[in-house]
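Tertiary structure, described
Spelled out from the first residue to the last, the chains are:
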Amino acid sequence: MGCFGFLKVMMFIFNGLIFLAGAALLGVGIWVKVDSGSILGFLAKIKGAPDELDQLLNVGYLLIAIGAVLMVLGFLGCCGAMQESRCMLLMFFIIILVIFLAEVAGAVVILVFKPVAEDLLQKLGDEAVKSIKADFGKNPDLTDLWNTTMDTLHCCGFNNYSDFTDSPYYNKNLTYPSQCCLPVAHPCTASTADNQTITGCFPKMLMLIDDNAIAIIAVALGIAALEVFAMIVAMTLYCVPAAGGHIIMSNGKDALTTDNPSQVSLKQSLEEGMEALDLFLNNRFRESLERLKPRVHESMYHALIYATVLEMQAMMTFEHDDITNAGATMKKAQEVCQRFRRKSPGLVKFPGESLTEEQLHAEVCFAECQLQRAALTFLQDENMVGFIKGGIKVRNSYLIYKELHSYIQSQQSLVGPSHLHLQGGVAFGIGAFNLTLSLFPARILKVLEFAGFSGDKDYGLSQLVSGATVVNLRSMLCALLLLCYHTFLTFILGTGEGEVEEAEKLLAPFRLRYPKGAIFLFFAGRTEEIKGNIDKAVCLFEDGCKAQQEWKQFHHMCYWELLWCFTYKQMWKMAYFYADLLTKESRWSQAMYVYMKAACLSMLDKEESRPFGEDEVELFRQVPALKQKIAGKSPPTEKFAIRKARRYQATSPVRLPVPVLEMMYMWNGFTMIRKCPELTDGMMHTLVEAERTLAVAPGNQYTVDDHCVIQLLKGLCLQNQGRFPAAEECFNNVYRSEKKIRYDHYLVPNALLELGLLCIGQNRRDEAIKLLTKAKNNYKDYSMESRTHFRVHAALAKLKVSPAEQEDITRL
């Protein structure tokens, strides 16, 4: 039968029993509900029939609910295992996981928050006593319920007999319930009840739990073990098909597998794929897709590149239809790649079995499809199921890349005519994973490493460089990822020290081959922007817009950078113009675009005319309604913009002092103008004027926060000017105002971060580590927190600080 078959049978038997138990409970519940009128009516006429028969009707509803849940659970487990339906197995896993987490949460509350639980029970007891005193003897339902409980548990009241004092029953009979005086006969007076050993029902329940604690714990652990076992088996059955030799489709049927699925040779597939990419990079996007489309069902590289282009378009347009179409196309591409993969799992060959070059290429294409489908899943699905599915795709992709990487470095590796393309694909996957994961803070990286991922930045960079500098199908992907890292990630999520020379070196061959390529014009503009050549950057971004008119999405990337270029130059109307273009053409972040329009207008003099007659107050008021969600969450920059814009909801709004410059800091724009003294001087002048205006304005609830915003930004300008003591004083002013800040709590950890970076520049290593660690550990739940943590992590990594060293310096 094999291990896989044994797991399927055990899963079927285990869940079959759950299904039958659920069916039995459901049947009993329905019978109680449907037949209660006749059966219970007949039984009630029997002399001496217990009053509790009436409670069976309510129990019926509970049995129906429990039975239905168990039947659904059993059905998902049985069918998921036998039909190998990944959807059913995943749903079964999620339901068991939710139940298990609820049980763990309950145990944690009981064990860790026992005083809180006891307090809650005490409050519950107080309410129970109040209900007894108000309704016992008057309300038949409550009276019957307490009588039944006391008869069953041989107890009296919630705490003791005194709970019934002043109740309707006591006031009418001047006695306590007979259960409080057993076995003494009536009447049950206070003195009689006081001499008995009958305890309250709550203490009696606690005694029962204590007496049976071992049995309860054993049963609980047994149930938990069964649940964990069920989850492991379900996830094993789910993952084995994806990592093995045949993929399971959502309908439970195997994808078509043939030994010779296509007449297109691997060499021809790669050559035509390279030609299509060449067209794409020359801005001939439609021709590129038309060249690929005829063979997307028979060639893995045609299918992969075609789906990749559609995914790039979907990522840029952010249109729901484009995202859905890209996801469906990428899924079909994965199915095509699956047909070329070897049938047995893994790359380790069985005796007598040969591994073909085509099968190796199928593995790397399949892994790339998995990775890209995960990205679309995170973008499209806004629920926990989507995140779990995306996470599984990412892990499966990573495992394939790791195995391929080990294989092609081993002595048994097959080196075919197209080996460079295979190496490029593996280098892209391994490099992308290592570089991306290395950007995460240490605490997140530890969790990811526990799950089997690794994040070595230097190794990731070396792999991507090797993939980008050798001509292969993935050269462009490797180069683009490196360009994104050097020109964006190191600024937004790092210390603002991009490797401009490395970016220019990567760009050089592509600029020669594709002089009008919109993508490479964009990155050329970005490198000039980093170097401080703002006017030259503007020209390149404008050239990027002129280079092609087919994909407006490339224009939007240039518009965004042009917005910031004119912000650095304090040409507010031009910056407004590009923000306005984005609101009309791009769907990525309407809240951010409208906020930037309003922020640019607010920087103009009051007497100066506004473009198109727009009013910044009305624009700020529109921002909260434009919030959107990506991967189930609002982008942090949108949350920040919305929170700042709420000041304008009041009838008499308090204007933001320098909203554009504050948002510019969030995108690390002050680092961009470090090499431009005239731009820094202009920013300093604007901040000094804003500070003067704030000083003469009447005080309000935002005054301290606004003053600290200006101090932080002034500190950045002073640092750019080389006036380090003055910059340090500004950052310390923010830190000293910590307890006075009411809304902008992000200011203090960011002031500490900037102080730490300033210390790094002055070789004050220990002081820098202490400040950075304080910024990381002492503050939470503030705006743009993740961005600050990424930057702190990058600064500590630059200092090569170990976790132990952080702790030692922090304790000093």
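It should be emphasised that the depicted structure is a prediction, and the values quoted were computed from it without experimental measurement. (Residues numbered from 1 in each chain as written. Predicted model: local features only at pLDDT ≥ 70, side-chain atom pairs only at ≥ 80, totals over all residues. Heavy atoms only, no water.)

Digging into the overall build of the protein chain
Each helix and strand in the protein chain was counted, giving 36 helices and zero strands. Each of the 812 residues in the protein chain was classed as buried or not, and the buried ones make up 49%. In the protein chain, the share of contacts with a sequence separation of at least 24, taken over all contacts with a separation of at least 6, comes to 67%. If you sum the accessible surface of the protein chain, you get close to 39200 Å²; carbon and sulfur atoms cover 61% of it. (Helix = DSSP H or I, 4+ residues; strand = E, 2+ residues; numbered from the N terminus. Buried < 20%, exposed > 50% of the residue type's maximum accessible area, 1.4 Å probe, protein only. Contact = heavy atoms within 4.5 Å. Areas by Shrake-Rupley, 256 points an atom, 1.4 Å probe, with all protein chains shown as cover.)

Examining the pattern of salt bridges
For the structure on display, the rule yields 31 salt bridges. Measuring nitrogen to oxygen at the nearest pair gives 3.9 Å for the salt bridge that ties K536 to E528. A relative accessible area of 8% places E528 in the buried class. For K597, the salt bridge goes to D580, with nearest N and O atoms at 2.8 Å. (Salt bridge = Lys/Arg side-chain N within 4 Å of Asp/Glu carboxyl O.)

Let's talk about the state of the cysteines
Enumeration according to the criterion identifies three disulfides in this entry. Each sulfur in the disulfide pair C156 and C180 lies 1.8 Å from the other. One quick way to see it: the torsion about the S-S bond of C156 and C180 is about 75°, and its sign makes the bridge right-handed. Here C180 lies in the loop between α6 (168-173) and α7 (190-195) and C156 lies in the loop between α5 (140-153) and α6, a separation of 24 residues in the sequence. Look at C156 and you get buried, because its relative accessible area is 1%. A disulfide bridge connects C181 with C188, and the sulfur atoms are separated by 1.7 Å. (Disulfide = S-S within 2.5 Å.)

Some remarks on the nonpolar core
Counting residues in hydrophobic clusters, the biggest one holds 183 residues, and the most contacted among them are Y595, M596, V658, L661, M663, F670 and L713. Those residues in contact with L661 that lie beyond four places of it in its chain are W572, F670, M683, T686, L687 and L713. Judged by nonpolar contacts, the second largest core, of 18 residues, contains A128, C155, C156 and F158. (Core = buried A, V, L, I, M, F, W, Y, C linked by side-chain atoms within 4.5 Å.)

Brief notes about the packing of aromatic side chains
One pass over the full model with this rule turns up 28 aromatic pairs. Each ring, one from F136 and one from F164, has its centre 4.8 Å from the other, and the planes form 65°; the classification is edge-to-face. On the criterion of sequence distance, the pair formed by F136 in the loop between α4 (114-135) and α5 and F164 in the loop between α5 and α6 is long-range, its members being 28 residues apart. Like F164, F136 is buried. Judged by centre distance (6.0 Å) and plane angle (10°), the ring pair of F488 and F522 falls under stacked. On the criterion of sequence distance, the pair formed by F488 in helix α19 (residues 475-492) and F522 in helix α21 (residues 518-531) is long-range, its members being 34 residues apart. The residues F488 and F522 share a single accessibility class, namely buried. An aromatic cluster of three or more residues is present, and its members are F280, F285, W551 and F554. (Phe/Tyr/Trp six-rings, centres within 6.5 Å; stacked < 30°, edge-to-face > 60°.)

Topic: the confidence of the model for the protein chain
Summarising the model, the protein chain shows a mean pLDDT of 81, and 76% of its residues fall at 70 or more. Of the regions scoring below 50 in pLDDT, residues 36-53 engages in 12 contacts with residues more than four places distant in sequence or in other chains. Under a pLDDT of 50 for its full length, residues 241-262 has, in the predicted model, 48 contacts with residues more than four places off or in other chains. (pLDDT = per-residue confidence, 0-100.)

Overview of the side chain of E638
Mapped onto the elements of the fold, E638 is located in helix α27 (residues 636-645). Despite its burial, E638 pairs with no opposite charge, the nearest such side chain being K627 at 7.8 Å. Those residues in contact with E638, other than ones at most four positions away along the chain, are W588, S589, Q590, A591, M592, L626, K627 and Q628. (Lys, Arg positive; Asp, Glu negative; His and termini not counted.)

Looking at a positive patch on the surface
On the surface, a cluster of positive charge is made up of K627, K629, K639 and R646. By the secondary structure assignment, R646 is in the loop between α27 and α28 (659-666). (Patch = residues over 30% accessible without salt bridge, like charges linked within 9 Å, V, L, I, M, F, W, Y side chains within 5 Å. Charge placed at Lys NZ, Arg CZ, Asp CG, Glu CD.)

Thoughts on the packing of helix α20 (residues 500-513) against α21
Contact pair α20 / α21: the axes reach a minimum separation of 10 Å and the direction vectors enclose 150°. Relative to α21, α20 is oriented roughly antiparallel. Handedness of the α20/α21 crossing: left-handed. Across from V500, A503, E504, L507, F510 and R511 in α20, the residues of α21 making contact are F520, L521, F523, A524, T527, E528, I530 and K531. Residues of the contact of α20 with α21, tallied by class, amount to nine nonpolar, one polar and four charged. (Axes fitted to C-alpha atoms, helices over the stretch in contact; angles between N-to-C directions. Parallel < 35°, antiparallel > 145°, perpendicular 65-115°, else oblique. Left-handed = near helix turned anticlockwise from the far one by under 90°. Nonpolar A, V, L, I, M, F, W, Y, C, P; charged D, E, K, R; others polar.)

Observations regarding the packing of helix α18 (residues 457-469) against α19
Running from N to C, α18 and α19 point in directions that differ by 135°, and their axes come no closer than 7 Å. Considering their axes alone, α18 and α19 lie oblique with respect to each other. Considering how the two elements wind past one another, α18 and α19 form a crossing that is left-handed. Contacts between α18 and α19 involve K457, L461, L464, V465, G467 and A468 from the first element and S475, C478, A479, L481, L482 and Y485 from the second. Its residues assigned to classes, the contact of α18 with α19 shows nine nonpolar, two polar and one charged.

Focus: a nonpolar patch on the surface
A cluster of nonpolar residues, M571, M574 and F577, forms a patch on the protein surface that exposes about 240 Å² of accessible area. Mapped onto the fold, M571 is located in the loop between α23 (552-568) and α24 (572-585). According to the relative accessible area criterion, M571 is partly exposed, its value standing at 34%.

Topic: unusual backbone geometry
For D166, which is not glycine, the phi dihedral falls at a positive 70°. Within the element layout of this structure, D166 appears in the loop between α5 and α6. A residue is classified by how much of its surface remains accessible, and D166, at 51% relative accessible area, is exposed. Of note in the backbone geometry, N668 takes a positive phi value of approximately 60° without being a glycine.

Things to note about the side chain of Q719
In this fold, Q719 is placed in helix α31 (residues 703-720). Among residues more than four places away in sequence, those in contact with Q719 are F724, A727, F731, E754, L757 and L758.

A short note on α24
Compared with the 20 Å implied by 1.5 Å per residue over 14 residues, the 20 Å span of α24 between its first and last C-alpha is a close match. Those residues of α24 that fall on the buried side of the exposure criterion are W572, A575, Y576, Y578, A579, D580, L581, L582 and T583. Those residues of α24 hidden inside the fold are in contact with α22 (534-547), α23, α25 (590-602) and α28. (Expected span 1.5 Å × (residues − 1).)

Points about α20
Its 14 residues place the ends of α20 20 Å apart at the C-alpha level, agreeing with the 20 Å of an ideal helix rising 1.5 Å per residue. Of all the bends in α20, the largest measures some 35° and sits at L507, one to four residues before the proline P509. Within the sequence span of α20, burial applies to V500, A503, L506, L507 and F510. At its buried positions, α20 is contacted by α18, α19 and α21. (Bend = angle between axes of the 7 residues up to and from the residue.)

Let's talk about the environment of N282
Within the secondary structure, N282 is located in the loop between α10 (266-281) and α11 (285-292). Under the relative-accessibility criterion, N282 is labelled partly exposed at 30%.

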